[in-house]
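The residues making up each chain are set out below.
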Amino acid sequence: MSVRLHATRSKNSVCFYAIEDFINPTSKKRSTRTVESLGTLNELMASLHADSEEQVRELLKARLKEKYPSPAKKQPVVISFDPNKTIEKDQVNSFNVGYFFIKRILYCLGIDEICSRISAEHRFDFDLENIVNMLVYTRILYPCSKRKSMEEAKNLFLFEQSFQLQDVYRALSVLAQNTYSIEAALYKNSNKLCKRDTRVLYYDCTNFYFETEEEDIVEGEELTDEADIKTVSLDFGKREYGKSKEHRPNPIIQYGLFMSGDGIPLADYQFSGSSNEQPSLKKLEKKIESDFQDCDQFIVCTDSGLNSFANKLFNDKPGRSFISTQSIKKLNKKQKDWVFSDKGWKVYAGDTLLKFETLDVTNLPETLELTVKSTSGKVMKFHIDTEKAVFFKDCWYKKTGKNPETGKKAVIDEHLIITYSQKYKRYKQHLRERKLERLEKMLKNPSKNFRKSTDERNPRFFVKETSITENGEVAEKTIYEIDEEKIAEEKKYDGYYGTATNLNDNDIRTVLEINSDRWEIEESFEIMKYELKSRPMYVSRSDSIRAHLLICFMALLIIRLLEKSVGESWTTGDVIKTLRKMDVTSLKGNGFIPAFKRTDLTDALFEVFGFRADYEIMTRTDLKKISTEQKKGKYYAFL
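Note that this is a predicted model, so its numbers are computed, not measured.

**A word on the overall build of the protein**
Consideration 1: Secondary structure summary: the protein contains 19 helices and 20 strands in total.
Consideration 2: By the burial criterion, 48% of the 639 residues in the protein qualify as buried.
Consideration 3: The contacts in the protein between residues at least 6 apart in sequence include a share of 65% that link residues at least 24 apart.
Consideration 4: Roughly 34,600 Å² of accessible area belongs to the protein as shown, and the carbon and sulfur atoms make up 47% of that amount.

Right, here's the structure in full:
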């Protein structure tokens, strides 16, 4: 990294800049960026008391050399070891420096200012900033319990703990009470790092289980959909038995997450395990409206489980729209007949929209040839690869329901879009074949508790139960077999996909592209559960659970920003794995050597963050300086 003088000339002036050479982590090409604007030639001649441009250049070069000195060359270090001497007992010789990158982003997100504000509002004597830092570092690098996190934090290079375990648990309550003010500040400050796309917000729910078999017994009821938004932040929910995503027989807590269109988490919400997830969308939207600056106009995109009439009605207003998955099975008979008819199908060939009077999408050739005559008389021929094409049809209709706030009838103009693709058809067929293979194994030796399931994701969904004889008498046992009629019924929907919206978009591809990106919020849940190990949870108090999920939220936010920083060229798993392995080994009295593998990813991270920790040997002073600079160093926007 070197800073040099650069000048640009125009017709009337010469402007001088300090520029820095670097390797672009995305293109892997050499590039430059402006570090400082120095002024025009006339301004500098006056301020430097110079008589010529040449003199100005010499003075500026001297100033830059003093302000941005090149790293001094150091002499090689020779180290000797004694093969007859053992190492010190209980001495830690390896330390993680990967947390430097996490530290930089945390401070760019203003964690010091956030904690300082909270500390000023509450009466406590522990170091909240130090505790939050430790919890976030260890959640990404060594995900474990709070007690274990304090032990693991000793592996972080020069990280000094200024608190006790009891302080950590006291801090959790404070963090829980300030959840939304923290998340609002993180959102505001993250806009300084990268441009946040809040035109589209994705919302989905999951749940987390606990290693216990007892629910929380708390008097009072869950907040209703019409609850005062001022009390929403205090509603942490209870551990209760509910429908677990992992099908575990443990109490769960429900969790909702809003993600912006660029895949970065925005805000989250926690509620009781047995509660309906649909009201959570409206509650969290109200918090975003009240607490998040310049984030009140957006498109909400959800899956079919959250597309209730109340949610759609809430987002059917100026500045707000909805896009949600629509189950074709839940459409009425008239709508289903329209879906499966051969009329109304369309397809895009490049930017040209092609319409068909009739088309049997379930029986297409490999290539569909079409000749179209334009209004100008020009004849155009199109060859459509049906294996890759997505055919669609759409219509508007009136959807009626009850307004939960007034209790009166309400009407929404809803835009229903149906797509059909061969790729999606094969995907659905593959899933069903796998389920049937598993079901056949189950039926060969069914367990005593074997039962038919109403869950379409369960292989037992395709089971047919027979508990009576042909004469109608009660049978001595129940016969289980594969239900061929149900399989035939399911095959009818292969390849079809429904989307409901109130957007009047002429280019339907925009709506479909927005809906197709919902996978990123599912990936975020996977990161929280598997990489950050957010469950099972070992805290039991509702406010501690809320704070634990807040720390997981912050860790997810930082991981997403790290992905952005290196151009999203590597997966989340690659980034986390690299940070966890980025250790340096202490050489007694001589410094530290890298104990990690140098890769394109480590090079990209060092280049973006402006330091290197992969020299053959580094002194404690060098690493300490790097660590200190992460709290105050200059940070370049990702986008």
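**Re the packing of aromatic side chains**
Consideration 1: One pass over the full model with this rule turns up 27 aromatic pairs.
Consideration 2: When the ring of Trp345 is compared with that of Tyr496, the centres are 6.3 Å apart and the planes differ by 45°; the resulting orientation is tilted. With Trp345 in the loop between helix H11 (333-340) and strand E10 (346-349) and Tyr496 in strand E18 (residues 496-501), this residue pair connects regions lying 151 residues apart in the sequence.
Consideration 3: Relative accessible area serves as the criterion here: at 0%, Trp345 is assigned to the buried category.
Consideration 4: Taking the relative accessible area as the measure of exposure, Tyr496 reaches 8% and is therefore buried.
Consideration 5: One aromatic cluster is present, built from ring pairs that chain together Tyr99, Phe100, Phe101, Tyr137, Phe159, Phe606, Phe609 and Phe611.
Consideration 6: In this structure, Lys486 packs its charged tip against the face of Phe461, placed 4.3 Å from the ring centre.

**With respect to the environment of Ser119**
Consideration 1: Inspection of the secondary structure puts Ser119 in helix H4 (residues 111-121).
Consideration 2: Note on Ser119: relative accessible area 28%, which makes it partly exposed.
Consideration 3: Considering only alpha carbons, one finds Ser119 and Val174, 55 residues apart in sequence, at a separation of 9.2 Å.
Consideration 4: Excluding anything up to four places from it in sequence, Ser119 contacts Phe124 and Leu128.

**A few points about the confidence of the model for the protein**
Consideration 1: Scored by pLDDT, the protein has a mean of 86; 89% of the residues are at 70 or more.
Consideration 2: Within the protein, strand E17 (residues 474-482) has the poorest average pLDDT of any element, 74, and helix H5 (residues 128-141) the best, 96.
Consideration 3: Every residue in residues 218-234 scores below 50 in pLDDT, and together they form 29 contacts with partners more than four places removed in sequence or on other chains.

**Points about the pairing of E18**
Consideration 1: Among the 6 residues in E18, 5 count as buried, and that is most of the element.
Consideration 2: The pairing of strand E9 (residues 320-326) with E18 spans 4 bridges and is classified as antiparallel. Across the sheet, residue Gln326 finds its bridge partner in E18, namely Gly498.
Consideration 3: Bridge count for strand E15 (residues 409-420) against E18 is 6 bridges, and the pairing is antiparallel. Its bridge partner being in E18, Thr419 is matched across the sheet by Tyr497.

**A few points about a positive patch on the surface**
Consideration 1: A surface patch of positive charge is lined by Arg434, Arg438, Lys441 and Lys444.
Consideration 2: Turning to its location among the elements, Lys441 is positioned in helix H12 (residues 422-444).

**Description of unusual backbone geometry**
Consideration 1: A cis amide bond links Arg535 with the next residue in sequence, Pro536, at an omega value of 5°.
Consideration 2: For Pro536, the position within the fold is in the loop between helix H15 (519-531) and helix H16 (542-565).
Consideration 3: Backbone geometry at Lys533 places phi at a positive 50°, although glycine is not the residue there.
Consideration 4: Relative to the elements of secondary structure, Lys533 occurs in the loop between H15 and H16.
Consideration 5: With a phi angle near 55°, Glu568 is a residue other than glycine that sits in the positive phi range.
Consideration 6: Relative to the elements of secondary structure, Glu568 occurs in the loop between H16 and helix H17 (572-581).

**Re the nonpolar core**
Consideration 1: Among the nonpolar cores identified, the biggest contains 105 residues, and Phe101, Leu128, Val136, Ile140, Met554, Ile558 and Leu562 are the most heavily contacted of them.
Consideration 2: Element by element, the count of residues in this core is highest for H16, at 15 residues.
Consideration 3: With near-sequence residues (within four places) excluded, Val136 lies in contact with Ile102, Leu106, Ile551, Met554 and Ile558.

**Here's the deal with the pattern of salt bridges**
Consideration 1: Per the counting criterion, the structure on display carries 37 salt bridges.
Consideration 2: Ionic pairing is found between Asp125 and Arg170, a salt bridge with its closest N-O pair at 3.7 Å. With a gap of 45 residues between them, Asp125 in the loop between H4 and H5 and Arg170 in helix H7 (residues 165-177) connect regions that are remote in the sequence.
Consideration 3: Overall, the relative accessible area of 38% leaves Arg170 in the partly exposed class.

**A few points about the sheet that holds strand E20 (residues 591-594)**
Consideration 1: The strand order E4-E19-E20 describes an open sheet built from 3 strands, whose pairing is antiparallel. Strands with a single pairing partner mark the edges of an open sheet, and in this sheet they are strand E4 (94-96) and E20. Across this sheet, the average inter-strand angle for adjacent strands is 35°, counted without regard to direction.
Consideration 2: In the sheet, E4 pairs with strand E19 (residues 583-587) via 3 bridges, with the strands oriented antiparallel. Residue pairing across strands places Phe95 opposite Val584, the latter belonging to E19.

**Some remarks on the packing of helix H3 (residues 99-108) against helix H19 (residues 620-629)**
Consideration 1: At a closest axis distance of 9 Å, the pairing of H3 and H19 adopts a crossing angle of 30°. The angle between H3 and H19 places the two elements in the roughly parallel class. Side by side, H3 and H19 meet where Tyr99, Phe100, Lys103 and Arg104 of the first sit next to Leu623, Ile626, Ser627 and Glu629 of the second.

Cut-offs used in this document
- Residues numbered from 1 in each chain as written.
- Predicted model: local features only at pLDDT ≥ 70, side-chain atom pairs only at ≥ 80, totals over all residues.
- Heavy atoms only, no water.
- Helix = DSSP H or I, 4+ residues; strand = E, 2+ residues; numbered from the N terminus.
- Buried < 20%, exposed > 50% of the residue type's maximum accessible area, 1.4 Å probe, protein only.
- Contact = heavy atoms within 4.5 Å.
- Areas by Shrake-Rupley, 256 points an atom, 1.4 Å probe, with all protein chains shown as cover.
- Phe/Tyr/Trp six-rings, centres within 6.5 Å; stacked < 30°, edge-to-face > 60°.
- Lys NZ or Arg CZ within 6 Å of the ring centre and 35° of its normal.
- pLDDT = per-residue confidence, 0-100.
- Pairing = 2+ DSSP bridges.
- Patch = residues over 30% accessible without salt bridge, like charges linked within 9 Å, V, L, I, M, F, W, Y side chains within 5 Å.
- Salt bridge = Lys/Arg side-chain N within 4 Å of Asp/Glu carboxyl O.
- Lys, Arg positive; Asp, Glu negative; His and termini not counted.
- Charge placed at Lys NZ, Arg CZ, Asp CG, Glu CD.
- Core = buried A, V, L, I, M, F, W, Y, C linked by side-chain atoms within 4.5 Å.
- Axes fitted to C-alpha atoms, helices over the stretch in contact; angles between N-to-C directions.
- Parallel < 35°, antiparallel > 145°, perpendicular 65-115°, else oblique.

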